[in-house]
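# Inside the fold
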Amino acid sequence: MSLKDKHVVVTGGSRGLGLGLVEALVAHGAKVTVVARGADALESVRARLGVATISADVTDESAAHRILTQVHPDILVLNAGAKPPMGRLDQVSWADFTVPWEHDVKAGLYWLQAALNLPLKPGSRVLVVSSGAAVSGSPMSGGYGGAKRMLWFMAKYANGIAAQKNLGISFQAVAPLQMVAGTGIGDMASSAYASAMGITPEAFLTRFGTPMPPREFGEKVVSVLDDPTYADGLAFGLNGDAGVTILEEAAA
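We now turn to the structure provided with this report. (Residues numbered from 1 in each chain as written. Predicted model: local features only at pLDDT ≥ 70, side-chain atom pairs only at ≥ 80, totals over all residues. Heavy atoms only, no water.)

## Structural notes on unusual backbone geometry
Where we set the bar: Helical segments are the DSSP runs of H or I of at least four residues, strand segments are the runs of E of at least two, and each set is numbered from the N terminus. Under the scheme applied here, a residue whose accessible area is under 20% of the maximum for its type counts as buried, over 50% as exposed, and between as partly exposed, the area being computed with a 1.4 Å probe on protein chains only.
Put simply, L118 and P119 share a cis peptide bond, and its omega is -15°. In this fold, P119 is placed in the loop between α5 (99–117) and β5 (125–129). Positive phi, close to 45°, is recorded for H72, a residue that is not glycine. Residue position: H72 is located in the loop between α3 (61–71) and β4 (75–78). Accessibility expressed as a relative area gives 32% for H72, which makes it partly exposed. Positive phi, normally seen in glycine, also occurs at N166, with a value near 55°.

## A few points about the environment of A114
As a reminder of what qualifies: Note on contacts: a residue pair is in contact if any heavy atoms of the two residues lie within 4.5 Å.
On the secondary structure map, A114 appears in helix α5. A114 sits 47 residues away from I67 along the chain, and the two C-alpha atoms are 9.6 Å apart. When near neighbours in sequence (up to four residues on either side) are disregarded, A114 contacts A64, H65 and L68.

## Topic: the packing of aromatic side chains
The way to describe two aromatic rings as a pair is by their centre distance and the angle between their planes. Filter applied, for reference: Any Phe, Tyr or Trp ring, taking Trp's six-membered ring, that has another such ring centre within 6.5 Å forms a pair; planes under 30 degrees apart are called stacked, those over 60 apart edge-to-face, and the others tilted.
Counted according to the given criterion, the structure contains two aromatic pairs. Considering the side-chain rings of W94 and F97, the 5.8 Å spacing of their centres and the 15° angle between planes classify their relative orientation as stacked. Here F97 and W94 lie together in helix α4 (residues 94–97), a separation of three residues that amounts to about one turn. For W94, a relative accessible area of 64% corresponds to the exposed category. Its relative accessible area of 23% is what places F97 among the partly exposed residues.

## Thoughts on the side chain of S138
Our working definition: Polar contacts, as used here, are pairs of N or O atoms within 3.5 Å; protein pairs need one atom able to donate a hydrogen and one able to accept it. Residues neighboring in sequence count only if both atoms are side-chain atoms.
Along the polypeptide, S138 turns up in the loop between α6 (133–136) and α7 (144–164). For S138, a relative accessible area of 16% corresponds to the buried category. Within the local environment of S138, its side chain forms a polar contact with the side chain of S141, the two groups lying 2.5 Å apart. Look past the residues within four positions of S138 in its chain and what remains in contact with it is A133, Y144 and Y193.

So, in structure tokens, the structure goes:
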């Protein structure tokens, strides 16, 4: 899929991995709309990259329907995520444990439902950004790993529904397989794990191999969008060393 003049909506695209993806999409000629809550961060992205911006709470069900109806994108990237409070299982509260469920999973449900029920046009692609924590867990971040695995399942379920309804929409889960510095979640998590291990955050991050800055993450996702091999509902992982790794088929 050539990205030139394609309409792309990216939730959570004003910072971190989402911003890296927005930068890559713009460089490849896509017409990007960034959805996020913070007005200042959105204005900065708009001024620097010339993208359209919409300030909205991604956990607002009506916002998902309104924005997808307004933009009707060729590609939808669900990247927005809350910072999970860090803490061991024996110390974390239920309120903190469920933060990623109340934000990431709730937003994922509403936006996937909107994509299926509007629906988006045939040939559209929906990428759901999960996490390597969905593969191996994340013992210092409460319900984060489970929430990110649930998003992976939801992409599979959406594919099954799209096939049953002959919508021609492909849903894929994207799992960054390493912790990424320079992002709110990555910096917070690396600091927490490093502290628990008695090492520096920099030393902890070296365990993931070659770094994958947000912009490189964006370029890897663009390479997947450009490759028709990955257009049929596969879940895939991204890391700095190996590039794209197919994790499993995402069919229901």
